[in-house]
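Residue-level structure breakdown
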Amino acid sequence: LSHIDPIGTLFLILTPIISFGNFIIGWTRYVDFDPNYFKNRDLGELLVSISGLGSFFVVIFLSKILVSLFLNLAFVFQTLAFMSAFLFALNLLPLKGFDGYVFWSLILRKINKSLFYKWEDFQYRNQPLILLLFFPSVYLLLPVLGYIAKFMMTLGGW
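Reading the values: rules and limits
- Residues numbered from 1 in each chain as written.
- Predicted model: local features only at pLDDT ≥ 70, side-chain atom pairs only at ≥ 80, totals over all residues.
- Heavy atoms only, no water.
- Helix = DSSP H or I, 4+ residues; strand = E, 2+ residues; numbered from the N terminus.
- Buried < 20%, exposed > 50% of the residue type's maximum accessible area, 1.4 Å probe, protein only.
- Polar contact = N/O pair within 3.5 Å; in protein donor to acceptor, adjacent residues only side chain to side chain.
- Contact = heavy atoms within 4.5 Å.
- 1 Å grid on protein atoms, 1.4 Å probe; cavity = no way out; pocket = protein on both sides within 12 Å on 5 of 7 lines; lining within 4 Å.
- Points joined across faces, edges and corners; volume = space filled by probe spheres on them.
- Expected span 1.5 Å × (residues − 1).
- Bend = angle between axes of the 7 residues up to and from the residue.
- Salt bridge = Lys/Arg side-chain N within 4 Å of Asp/Glu carboxyl O.

1. Thoughts on the side chain of Ser 63
- Following the sequence through the fold, Ser 63 ends up in helix α2 (residues 41-69).
- The class for Ser 63 is buried, based on a relative accessible area of 2%.
- For Ser 63, the side chain forms a polar contact with the main-chain oxygen of Val 59, separated by 2.7 Å.
- Excluding residues within four positions of it along the chain, Ser 63 makes contact with Phe 77, Leu 80, Ala 81 and Trp 158.

2. Brief notes about the layout of surface pockets
- Here the second largest pocket defines a volume of roughly 250 Å³.
- Forming the boundary of the second largest pocket are 14 residues, of which Asp 32, Pro 35, Glu 45, Lys 96 and Tyr 101 lie nearest the centre.
- Only α2, α4 (99-111) and α5 (113-125) provide two or more residues apiece to the lining of the second largest pocket.
- Counting residues per element, the lining of the second largest pocket draws most heavily on α4, at four residues.

3. Some thoughts on helix α6 (residues 127-155)
- The end-to-end C-alpha distance of α6 is 34 Å, clearly below the 42 Å that 29 residues give at a rise of 1.5 Å each.
- Remark: the principal bend of α6, roughly 65 degrees, maps to Leu 141, with a proline, Pro 143, within the next four residues.
- Listing the buried residues of α6 in full gives Phe 134, Val 138, Leu 145, Ala 149, Met 152 and Met 153.
- Close packing links the buried residues of α6 with α2 and α3 (74-90).
- Downstream of α6 by a residue or two, Gly 157 has a phi angle that is positive, lying close to 95 degrees.

4. A few points about the pattern of salt bridges
- Going through the model one piece at a time under the given rule, you end up with six salt bridges.
- A salt bridge links Glu 45 to Arg 41, with the shortest nitrogen-to-oxygen separation between them at 3.4 Å. Separated by four residues within a single helix, Glu 45 and Arg 41 lie in helix α2, roughly one turn from each other.
- A relative accessible area of 5% means that Glu 45 is categorised as buried.
- Lys 110 is the salt-bridge partner of Asp 42, the closest N and O atoms lying 2.6 Å from each other.

Now the structure itself:
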């Protein structure tokens, strides 16, 4: 619930309705966590990352069940499932604020700590550049993100 941004959620609901499913925009709040609270830091960070990604899968799976119960709302649940599948794929990106960052940074720290700190420093120093290039990069990655989203939809029973 702490991720819910009222305006971003409103946009998430209204934009697909207004655009007849052709355009979706919305956002959530970033919720930070302190990995020092975990007894096993690596396992704790991994569980945080997996729980974020897992919540998208739960929405995909539940949407499939809800379609069978409410056939007249099939388009709504299908759109919700696809949005969750796409957000799952998007959240795999190794950018601060995404679950993928936590997951990939955990792996990179184990493989090459120096490279991890360089990547983290680059992201910190170049936040405006990353924000500016985010949407063009997502557009270029659409085939890969779409494949991952389709795979997640299949796993969810779609």
